[in-house]
Structures are given as C-alpha cells and as structure tokens.
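Given next are the chains, with one letter for each unit.
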Amino acid sequence: MIVNPAQLHRAAARVLRLLPLLGAIMAWPAQAAIEDGGVEAAKRELLRSQAQALENGEGIERDPVAAAKLYCEAARLGDAQSQFNLGWMYSNGRGVERSDQWAAFFFHAAAEQGFEQAQRMLEQVGGAPTYVPDCMRDPESPKVAAAPKPRALPAPKPTPTVVARPTWPLPIVDLVKTIAPQYKVHPQLVLSVIDAESRFDTVALSPKNARGLMQLVPETAVRFGVRNAYDAAQNVRGGTAYLQWLLAYYQGDVTLAVAAYNAGEGAVDRYRGVPPYAETRAYVRKVLDAFGQYFHPFDASVAAPSPRLTATRGLATSR
C-alpha cells in the first residue's frame, strides 16, 4: 500500500504526541546502567511497545504508518524484534509500501543479532541492500561534529597520560603504556578496549573463538602477526595494531573505529556508522566512557580511508 500525504500527516502527529514519553526516557542519566545498556534498553522497549500498539490497534487507534516510524527508531537502537517486525511489514506491504529490498535490510539486521525468524525470512527476500534508511542513521553527536578536522598524527608524547581505573591491573597498564605509543595509539584507548573486551583476562575465550586480552579472533591474529593470542604482549601488539589501522581507515573517528573493532569494518561500512546491534552500541558507549575522546590523531600511511564512508561523508584524506 502506498502512503498518501494525509496518512503521513496523521502519523507524524501521532508520533509527536508520544514524544513526551520518549523525552522522559532520554532525560535519564546517560551513565546509568552502562554495563547492560539499561537506558537504551528501556528506550528500545518503550518504542517497540508503542509501535506494536499502533500496528495492532491495542488500546489506541490503529496506525501502521506511525508504527513503522517508531519501529525504525527502535531498530536503529539495536532492537532485533523491531527490526524483524519492520521487515515483516515491508515484506507484506502492511501499512507501508511493499518492498523486498527494505524487508531484506531489516531482516538482515535482525538476523545478524541472532534472531532466528529473521534468518529464515532471508531466504524469501534475498541479500542485504547497500543503502541505509534515513531513520536508521544516528544523529551526529555534537562532540563528533565539533571534532578537529582530520590531521596527520604528531609525534607521540614520551609519557601519554593514563587515567587507570582501580580494576585495571598495574602490570597490564604498564605493558600497554610501553606498547601503545609504538603504534601511535593512546594507551587509554587500548586499555578501554581491553576492559570492554576481556576485563583484563589474559586467557579469555569467547564463543566466537576470540582470545586473550584484546579478544583477537584467529583471522585478526594472523592479519597482525600474532602467533600466540594468549601471550599478553603479543595480544596487545596485535590488538593495538588493529586499532591503529582502524583509526586510519576511519580518519580518527573513535566511535567508528571502536564499533569496527567489535563488529568488523565491513559492518560499519555497510551501515555507514555504528551497526544497529544492541551489543555493539553498548560496547561503544563503554569504551568511549573510559576513553573520553571522540577523535584520535591518525597515521594516514597505515590505511587508506574507508571508500564507502568517504563517499558518504565527504571525508578528506589526511596528509
């Protein structure tokens, strides 16, 4: 079904009436429950419940157009159920114009988070599209917008300042402070990633076979010359080298580099930003909270900038 202007007007009015509820959630302290993403999880649940009520007419006049808008906002925040529901609406033309391409986008996002129903639906709609709906794009953070223009990395300071947390073991902190400057990466960023990845467990092993302090999967270990991922020094060197590469690839954008460390640069490029995965979004928040900066000087000789993001955002290569 094709939506006419009158429907869009009614949908927009209905969404505006819901904004006080959303504003109450967004006004909560951003630091609250950062470990489990409590604030964002509450926003996802509120958006999804309101969307479901509008889609099905539960206690409110049925309005699938408004439902789709709210589902998309929850989907952007990483809600797999909302991603699936919106994919289903597009695949069936329920309240929105039928589109296998749009359905594929949302089913893929949900499937990548392990949503089994979405994985089955992919057989019907085909591969993931290369574009991203406007409602799935994160609003640019003022801190990111105000970041310095991309620039080449200056000579590192002999003793970069590190604000270590009480839970960070001193031997690992000292190891990172020795290794990170060799790769022109701030030790605080490396330590923040280690904390998020393994909580400083040198023998950590994830279900995806990621190993050691910086949770290197075998492919990444090989890519950066790590033979024994359980050797703390080798692991830190490999993970720091990867961070150095990502910072160059994303021209100093710490948010994108950290998101790619968690989800892979392929996912970040495809979604043109932080992927809509709840795990990745919580991971990025945790690292940025510990690091405290959104821009990191980078070495342009390490990697060419991401071609997809360069085209999208008009980034200039650092010289």
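Residues numbered from 1 in each chain as written. Predicted model: local features only at pLDDT ≥ 70, side-chain atom pairs only at ≥ 80, totals over all residues. Heavy atoms only, no water.

Draft legend 1. Quick look at the overall build of the chain. From N to C terminus, the chain includes 15 helices and zero strands. Within the span of the chain, comprising 319 residues, buried residues form 50% of the whole. If you take every contact in the chain between residues at least 6 apart in sequence, the share linking residues at least 24 apart comes to 59%. Carbon and sulfur atoms provide 54% of the accessible area of the chain, an area that totals close to 15400 Å². (Helix = DSSP H or I, 4+ residues; strand = E, 2+ residues; numbered from the N terminus. Buried < 20%, exposed > 50% of the residue type's maximum accessible area, 1.4 Å probe, protein only. Contact = heavy atoms within 4.5 Å. Areas by Shrake-Rupley, 256 points an atom, 1.4 Å probe, with all protein chains shown as cover.)

Draft legend 2. A look at the confidence of the model for the chain. In this model, the chain carries an average pLDDT of 84, and 79% of its residues clear a pLDDT of 70 or more. A low-confidence stretch, residues 314-319 stays under pLDDT 50, and its non-local contacts, those more than four residues away or across chains, total 14 contacts. (pLDDT = per-residue confidence, 0-100.)

Draft legend 3. Highlighting helix α3 (residues 64-76). Here α3 contains 13 residues, and its C-alpha end-to-end distance of 18 Å stays within 8% of the 18 Å for a straight helix at 1.5 Å per residue. In terms of burial, α3 is a largely internal element, 11 of the 13 residues being buried. By the burial criterion, the buried members of α3 are Pro64, Val65, Ala66, Ala67, Ala68, Leu70, Tyr71, Cys72, Ala74, Ala75 and Arg76. Looking one or two residues beyond α3, the residue adopting positive phi is Gly78, at roughly 95°. (Expected span 1.5 Å × (residues − 1).)

Draft legend 4. Spatial organisation of the side chain of Asp269. Within the secondary structure, Asp269 sits in helix α13 (residues 265-271). Residue classification places Asp269 among the buried residues on the basis of a relative accessible area of 10%. Within the local environment of Asp269, its side chain forms a polar contact with the side chain of Tyr250, the two groups lying 3.1 Å apart. (Polar contact = N/O pair within 3.5 Å; in protein donor to acceptor, adjacent residues only side chain to side chain.)

Draft legend 5. Focus on a nonpolar patch on the surface. Taken together, the side chains of Val203, Leu205 and Tyr230 define a hydrophobic patch exposed on the protein surface, amounting to about 290 Å² of accessible area. When its relative accessible area of 52% is taken as the criterion, Leu205 is described as exposed. (Patch = residues over 30% accessible without salt bridge, like charges linked within 9 Å, V, L, I, M, F, W, Y side chains within 5 Å. Salt bridge = Lys/Arg side-chain N within 4 Å of Asp/Glu carboxyl O.)

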